[in-house]
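# Working through the structure, step by step
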Amino acid sequence: MELSMSENDNRPHMFPRSRIEVIVFILRSCIGTKLGQELDIGFPRLGLYTGYLANAGLIEASKGKDGMKTFKTTLKGREFLRDYERIKGILTRQERMGP
């Protein structure tokens, strides 16, 4: 597996990352991309996440022309990302307004 995110690197830079941040990163990365090293988690852990996301119907796996396993975000995965961004925006606005 490999990842090519040089053009549009959306990964969180603060550690530790939450499970949801890793999931969102993977879903964003799977939109026309191969997965792997730039997520900065080991391949065994990446395999757990991709298995979980595939079983949930958020990504689908296939073999590329080079024989490498590739992943694509499904419609359900894109809907998840849209909802995540909407909720994140609501919470961000609430934080700015204060308690």
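In the block above lies the structure referred to throughout.
Residues numbered from 1 in each chain as written. Predicted model: local features only at pLDDT ≥ 70, side-chain atom pairs only at ≥ 80, totals over all residues. Heavy atoms only, no water.

## Some points on the overall build of the protein chain
A tally of regular secondary structure across the protein chain gives 3 helices and 2 strands. Counting from the amino terminus, the protein chain carries its helices and strands in the arrangement α-α-β-β-α. Residues classed as buried in the protein chain amount to 29% of the 99 residues present. Pairs at least 24 residues apart make up 53% of the contacts formed inside the protein chain by residues separated by at least 6 positions. (Helix = DSSP H or I, 4+ residues; strand = E, 2+ residues; numbered from the N terminus. Buried < 20%, exposed > 50% of the residue type's maximum accessible area, 1.4 Å probe, protein only. Contact = heavy atoms within 4.5 Å.)

## Concerning the pairing of strand S1 (residues 59-63)
With 5 bridges joining them, S1 and strand S2 (residues 69-73) adopt antiparallel strand pairing. Following the sheet pairing, glutamate 60 is matched in S2 by lysine 72. Turn length for the S1-S2 hairpin, with the two strands adjacent in sequence and antiparallel, is 5 residues, and the turn residue glycine 67 shows positive phi of about 85°. (Pairing = 2+ DSSP bridges.)

## So, the packing of helix H1 (residues 19-29) against helix H2 (residues 43-55)
Their axes nearest at 11 Å, the elements H1 and H2 cross at an angle of 75°. The angle between H1 and H2 falls in the class roughly perpendicular. The residues of H2 that touch H1, namely those facing Arg19, Val22, Ile23, Ile26 and Leu27, are Arg45, Leu46, Tyr49, Tyr52 and Leu53. Residue composition of the contact of H1 with H2, grouped by class: 8 nonpolar, no polar and 2 charged. (Axes fitted to C-alpha atoms, helices over the stretch in contact; angles between N-to-C directions. Parallel < 35°, antiparallel > 145°, perpendicular 65-115°, else oblique. Nonpolar A, V, L, I, M, F, W, Y, C, P; charged D, E, K, R; others polar.)

## Looking at the nonpolar core
Residues Ile26, Leu27, Tyr49, Leu53 and Ile59 are the most contacted members of the largest nonpolar core, which totals 15 residues. Counting residues per element, the ones that place at least two in this core are H1, H2 and helix H3 (75-97). Here this core takes 5 residues from H1, the largest share from any one element. Each residue touching leucine 53, except ones within four places of it in the same chain, is listed here: Ile23, Ile26, Leu27, Leu58 and Ile59. (Core = buried A, V, L, I, M, F, W, Y, C linked by side-chain atoms within 4.5 Å.)

## Side note on the packing of H1 against H3
In contact at an axis separation of 10 Å, H1 and H3 are set at 130° when each is read in the N-to-C sense. The angle between the axes of H1 and H3 places the two elements in the oblique class. Between H1 and H3 lies a crossing whose hand is left-handed. On H3, the residues that touch Ile20, Ile23, Val24, Leu27 and Arg28 of H1 are Gly77, Phe80, Leu81, Tyr84 and Glu85. In the contact of H1 with H3, the residues fall into 7 nonpolar, 1 polar and 2 charged. (Left-handed = near helix turned anticlockwise from the far one by under 90°.)

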